[in-house]
Amino acid sequence: TGRAWGGSSPNTSSSEWLRSAGLGLRIFNTRAAFSNVLHIDIASPIDSDSNVKKVQFLVKTRASF
C-alpha cells in the first residue's frame, strides 16, 4: 500500500492510496562477470480501475538486492 507521485509517470488522476500484492524472486550468480542480481517480480493490483493491467510482470538486473 502506498501513494505514488513524481517520476516519469506520476499518479495525478487519483488522490487515493494504491495497493497491490505480488511475489519477487532474486537470482544471484557468483560466477557472473559483473555479479548482477536478476529481479523477477509479478504483481496484481487490488481495487484497481479499468486502465490498470490485471497482472504486472517485471524483469530487470541491478547491482544489489
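Described in the following lines is the structure provided in the data block. (Residues numbered from 1 in each chain as written. Predicted model: local features only at pLDDT ≥ 70, side-chain atom pairs only at ≥ 80, totals over all residues. Heavy atoms only, no water.)

Looking now at the pattern of salt bridges. Any two side chains of opposite charge can pair, on the condition that their charged atoms come close. Using the criterion set out here, one finds one salt bridge in the structure. Notably, a salt bridge pairs Asp41 with Arg26, separated by 2.7 Å at the nearest N-O pair. Taken together, the positions of Asp41 in strand S2 (residues 37–46) and Arg26 in strand S1 (residues 19–28) put the pair 15 residues apart, joining distant regions of the chain. A relative accessible area of 18% means that Asp41 is categorised as buried. (Salt bridge = Lys/Arg side-chain N within 4 Å of Asp/Glu carboxyl O. Helix = DSSP H or I, 4+ residues; strand = E, 2+ residues; numbered from the N terminus. Buried < 20%, exposed > 50% of the residue type's maximum accessible area, 1.4 Å probe, protein only.)

With that settled, consider the sheet that holds strand S3 (residues 56–62). The three strands lie next to each other as S1-S2-S3, forming an open sheet whose pairing is antiparallel. Here the strands that pair on one side only, and so sit at the sheet edges, are S1 and S3. The average undirected angle you get between the axes of adjacent strands in this sheet is 20 degrees. Of the pairings in the sheet, the one linking S1 to S2 comprises ten bridges and is antiparallel in character. Note on S2: the bridge partner recorded for Ile27 is Leu38. (Pairing = 2+ DSSP bridges. Axes fitted to C-alpha atoms, helices over the stretch in contact; angles between N-to-C directions.)

On the surface, Leu23, Ile42, Val55, Phe57 and Val59 cluster together into a nonpolar patch covering about 520 Å² of accessible area. Position of Val59 relative to the elements: it lies in strand S3. Residue Val59 is classed as partly exposed on the basis of its relative accessible area, which comes to 47%. (Patch = residues over 30% accessible without salt bridge, like charges linked within 9 Å, V, L, I, M, F, W, Y side chains within 5 Å. Areas by Shrake-Rupley, 256 points an atom, 1.4 Å probe, with all protein chains shown as cover.)

What follows concerns the environment of Leu18. The residue Leu18 is located in the segment before S1 in this model. Since its relative accessible area comes to 41%, Leu18 is described here as partly exposed.

Structurally, His39 can be placed in strand S2. Since its relative accessible area comes to 3%, His39 is described here as buried. Side-chain polar atoms of His39 contact the side chain of Arg26, separated by 2.9 Å. (Polar contact = N/O pair within 3.5 Å; in protein donor to acceptor, adjacent residues only side chain to side chain.)

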